[in-house]
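# Structure at a glance
Chain by chain, the residues run as shown.
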Amino acid sequence: DTAVSQTPKYLVTQMGNDKSIKCEQNLGHDTMYWYKQDSKKFLKIMFSYNNKELIINETVPNRFSPKSPDKAHLNLHINSLELGDSAVYFCASSPERGAVTDTQYFGPGTRLTVL
Amino acid sequence: QQQVKQSPQSLIVQKGGISIINCAYENTAFDYFPWYQQFPGKGPALLIAIRPDVSEKKEGRFTISFNKSAKQFSLHIMDSQPGDSATYFCAASVASGANNLFFGTGTRLTVIP
């Protein structure tokens, strides 16, 4: 029983295309996140989102947009893909922003390769 | 800029030895300091975490030492095992706020049998 799942696991696409990565959590958590891990393994927050608030890391290009159809899903849409977008993208979730128990649970990652 | 600095970048330890990874931060608003373990091809998984109201937390072979005045914290892995070979990330967040995790640059630990 997967807690945080992502699809697809691998995504290979051409520069300029638009793509989406899906994320689902079955933990009943209120807050979800997207992180980017670059080729040097550096993990960086992109977004955090709950049903009340979207917080965007100011360094994230506006080509990236999170979309949440419901509390259990936070999808990542990327427009006009660039070579530098190649990375592993991780979705995560946590019980409640500001809660005492604030452990974030990560998905298995989606490796995006832009050619 | 890098909000959490981590060292060393890589570490090789003999089986049974002690692995020590160090992290430092600047933002005094941080109030939650987790360590994550990541195996190749997998997502990071929480290993152990500490809040700044305690100076040490131990769970099995893993211990976090926290020095609030120095703004430093470290992970000690006692009796290191080959199965501990992974990349370890320290992180920090303002848990009472947005709770976005700011990660260190990672330490690749190799435990030699």
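What counts and what doesn't
- Residues numbered from 1 in each chain as written.
- Chains lettered and ligands numbered in written order.
- Predicted model: local features only at pLDDT ≥ 70, side-chain atom pairs only at ≥ 80, totals over all residues.
- Heavy atoms only, no water.
- Buried < 20%, exposed > 50% of the residue type's maximum accessible area, 1.4 Å probe, protein only.
- Helix = DSSP H or I, 4+ residues; strand = E, 2+ residues; numbered from the N terminus.
- Pairing = 2+ DSSP bridges.
- Polar contact = N/O pair within 3.5 Å; in protein donor to acceptor, adjacent residues only side chain to side chain.
- Contact = heavy atoms within 4.5 Å.
- Phe/Tyr/Trp six-rings, centres within 6.5 Å; stacked < 30°, edge-to-face > 60°.
- Axes fitted to C-alpha atoms, helices over the stretch in contact; angles between N-to-C directions.

### Topic: the pairing of strand β9 (residues 87-94) of chain A
Residue and element names in this part refer to chain A. The buried fraction of β9 amounts to eight of the eight residues, a majority that puts the element mostly inside the structure. Side chains A87, Y89, C91 and S93 project from β9 onto one buried face, and the interleaved V88, F90, A92 and S94 project onto a second face that is buried too. Strand direction decides the pairing type here: strand β4 (residues 31-37) and β9, joined by seven bridges, are antiparallel. The residue bridging Y33 from the neighbouring strand is A92, located in β9. Alignment of β9 against strand β11 (residues 110-114), held across three bridges, turns out to be antiparallel. When the bridges of β11 are listed, Y89 appears paired with T110.

### Quick notes on the side chain of R63(A)
Residue and element names in this part refer to chain A. Along the chain, R63 falls in the loop between β6 (54-56) and β7 (64-67). Here the side chain of R63 touches S80 through a polar contact of 3.2 Å, landing on its backbone oxygen. Contacts of R63, omitting those with residues within four sequence positions, involve H77, I78, N79, S80, L81, E82 and D85.

### As for the packing of aromatic side chains
Any pair of aromatic rings gets described here by the distance separating the centres and the angle formed by the planes. Counted by the stated rule, this structure contains 18 aromatic pairs over all chains. Look at W35(B) and F73(B): their rings are 5.8 Å apart centre to centre, the planes differ by 70°, and that puts the pair in the edge-to-face class. Of this pair, W35(B) sits in strand β4 (residues 33-38) while F73(B) sits in strand β8 (residues 72-77); the two residues are 38 residues apart in sequence, bridging distant segments of the chain. In terms of burial, W35(B) and F73(B) fall into one category: buried. Site record: aromatic cluster; members linked through ring pairs are Y33(A), Y35(A), F90(A), F106(A), Y36(B), F89(B) and F103(B).

### Quick notes on the sheet that holds strand β3 (residues 19-25) of chain A
Within a sheet, each strand pairs with its neighbour through backbone hydrogen bonds, oriented either parallel or antiparallel. Residues and elements named next belong to chain A. Taking strand neighbours across the sheet as the criterion, the four strands line up as β1-β3-β8-β7 in an open arrangement whose pairing is antiparallel. The sheet terminates laterally at β1 (4-7) and β7, the two strands that pair on one side only. Ignoring which end each strand starts from, the neighbouring axes of this sheet average 20° apart.

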